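Tertiary structure, described
This is what each chain is made of:
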Amino acid sequence: MHGPIRSVWNEERPPDPPLRVWRDWVLVASLVPIAVLEGALRPDLPWRAVSVLLTVGLVPTLLWRRSRPLLMLAIAFGATNLAPLLTGGHSAETYTLVYLLLLVYALFRWGSGREAVIGLAIMLTSICLAILSGRIVLADAIAACAVMFSAIALGVAFRYRARARMRELDQVKLLEREQLARDLHDTVAHHVSAMAIRAQAGIATSAKRPDAAIEALRVIEAEAARALDEMRAMVRVLRHNEPADLAPGRHIRDLEQLAGRGTSGPAVDVELSGDLDDLPPSVGAAIYRLAQESVTNARRHARRATRIEVRVAADDTSVHLSVSDDGDSSLMRQTGSPGYGLIGMIERAGLLGGTCVAGPNPDRGWTVTAVLPRAGAAT
């Protein structure tokens with residue numbers, strides 16, 4: 001097989017197909033009475049009992065259309081082609097059987113490439129058999145193919161749209177990991193520089209003041225311990241560390257620079273409380289980045305907002321961040337799904353062992369809340 005055909009044949013199923021939900025059961029429960037009602041009210045339906053039984057009997061295939069799409073489609077098309085054996089060659093199909101298009105869509109949305117190719121062969125064979133047996137004329141067969149390929153195109157479109165979004169989300173997470181690696185790199189570089197300076201000072205004064213050398217060794221020991229902790233966090237939470245063109249890291253005190261009112265947009269009020277002086281640089285930088293992104297999102301998407309409040313509070317075990325606005329809506333509220341900025345924030349908080357959530361306030365406005373462990377990711 002040629003390259004494109006081989007790539008389609010070897011394509012895996014999309015990950016994590018949706019579980020069976022209440023809407024599936026409602027759909028199945030609705031189709032059964034509709035099929036019975038059609039059988040009772042439609043005067044031109046030949047072999048009424050066989051047609052209704054076929055339509056009702058195939059309804060349960062919808063419950064497994066995502067987990068076993070090829071098998072369900074094969075059962076449905078096989079049954080519709082075998083039914084004429086019981087009706088003397090007459091078609092036993094009802095209008096309600098249009099729900100079989102959901103099986104076609106599900107095969108190309110959730111099936112593997114191999115399953116999609118086999119399923120397409122089954123469908124085309126079914127149409128050819130219907131033409132050869134005289135159950136449908138060529139014009140009807142062309143119309144059936146047009147409808148079938150519309151369902152196929154819809155399934156393929158949603159399949160690759162979901163794949164494109166997954167790639168974009170992976171890119172967002174990768175960029176967030178890279179930024180975190182840069183911040184951690186700056187932290188380690190700071191500790192190593194401090195050790196080098198203390199070592200040089202200890203060497204220079206060791207001849208005249210031996211106690212100064214001992215003091216320098218104690219400082220070096222402390223700095224080395226902190227550097228090792230940061231390095232362990234880096235190795236633990238990052239798969240790749242390729243820092244290039246490293247930018248200086250930000251600190252939690254830099255949040256005060258966000259306060260005030262810019263040339264346009266709502267005013268920003270920043271309040272810091274608790275012991276924030278001894279935070280690991282990685283945690284401080286993460287809090288700053290989360291707050292900065294939240295303020296940027298509020299300025300962009302909070303309609304008619306007049307105020308953005310940034311609150312940071314630290315206790316003995318964790319650091320709490322809350323960013324809220326008083327606007328009418330936000331991007332997430334309009335789309336119903338998290339944007340890439342929030343995805344990156346959740347990823348950054350998770351890498352350090354914390355959490356980040358966002359949602360509407362009870363009355364109006366939007367709030368982003370993050371909690372990070374004070375020591376960063378637990379060792």
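Residues numbered from 1 in each chain as written. Predicted model: local features only at pLDDT ≥ 70, side-chain atom pairs only at ≥ 80, totals over all residues. Heavy atoms only, no water.

Helix and strand counts for the protein chain stand at 11 helices and 5 strands. The burial tally for the protein chain puts 40% of its 379 residues in the buried class. Accessible surface for the protein chain amounts to roughly 21,100 Å². Of this, 62% is attributable to carbon and sulfur atoms. (Helix = DSSP H or I, 4+ residues; strand = E, 2+ residues; numbered from the N terminus. Buried < 20%, exposed > 50% of the residue type's maximum accessible area, 1.4 Å probe, protein only. Areas by Shrake-Rupley, 256 points an atom, 1.4 Å probe, with all protein chains shown as cover.)

Looking now at the packing of helix α2 (residues 22-41) against helix α3 (residues 48-58). Helix-helix packing is characterised by the crossing angle of the two axes and by the distance between the axes. Put simply, α2 and α3 touch, their axes get as near as 9 Å, and they point 165 degrees apart. Relative to α3, α2 is oriented roughly antiparallel. Crossing of α2 over α3 shows right-handed handedness. Of the residues in α3, those in contact with V32, A35, V36, G39 and A40 of α2 are R48, V52, T55 and V56. (Axes fitted to C-alpha atoms, helices over the stretch in contact; angles between N-to-C directions. Parallel < 35°, antiparallel > 145°, perpendicular 65-115°, else oblique. Left-handed = near helix turned anticlockwise from the far one by under 90°. Contact = heavy atoms within 4.5 Å.)

Turning our eyes to something else, we now look at helix α6 (residues 113-132). Between the first and last C-alpha of α6 there are 29 Å, a value that for 20 residues agrees with the 28 Å anticipated at 1.5 Å per step. Along α6, the residues that are buried comprise G113, E115, A116, G119, M123, S126, I127 and A130. Buried residues of α6, seen end-on, are gathered within an arc of 155 degrees and therefore sit on one face of the element. G134 lies just past α6 and shows a positive phi near 85 degrees. (Expected span 1.5 Å × (residues − 1). Arc of directions from axis to C-beta.)

Turning next to the confidence of the model for the protein chain. Looking at the protein chain as a whole, the pLDDT averages 79, with 77% of positions reaching at least 70. Per-element averaging of pLDDT across the protein chain places helix α10 (residues 331-335) at the bottom with 45 and helix α5 (residues 100-110) at the top with 94. Segment residues 239-248: pLDDT under 50, and 11 contacts once partners within four positions in sequence are set aside and those in other chains are kept. For the stretch residues 330-336, pLDDT sits under 50, and the model shows 15 contacts to residues farther than four places along the chain or on other chains. (pLDDT = per-residue confidence, 0-100.)

Counting 31 residues, the largest nonpolar core has L255, I287, V310, V312 and L321 as its most contacted members. Among the secondary structure elements, those contributing two or more residues to this core are β1 (267-274), α9 (281-301), β2 (307-314), β3 (318-325), α11 (340-351) and β5 (366-373). Among the elements that take part in this core, α9 stands out by supplying 8 residues, more than any other. Counting 15 residues, the second largest nonpolar core, distinct from the first, contains L31, M72, A76 and A83. (Core = buried A, V, L, I, M, F, W, Y, C linked by side-chain atoms within 4.5 Å.)

Let us now look at the pattern of salt bridges. Overall, the coordinates contain 13 salt bridges when judged by the stated rule. A salt bridge links E115 to R13; its shortest N-O distance comes to 2.6 Å. Here E115, found in helix α6, pairs with R13, found in the loop between α1 (3-9) and α2; they are 102 residues apart in sequence, far enough to count as distant. When its relative accessible area of 15% is taken as the criterion, E115 is described as buried. A residue is classified by how much of its surface remains accessible, and R13, at 36% relative accessible area, is partly exposed. (Salt bridge = Lys/Arg side-chain N within 4 Å of Asp/Glu carboxyl O.)

Here we take up the pairing of β5. Across 8 bridges, β3 lies against β5 in antiparallel orientation. The partner of V319 across the bridge, within β5, is L372. Following strand β4 (residues 355-360), the chain reverses through 5 residues before pairing antiparallel with β5; G365 in that reversal takes a positive phi of roughly 95 degrees. (Pairing = 2+ DSSP bridges.)

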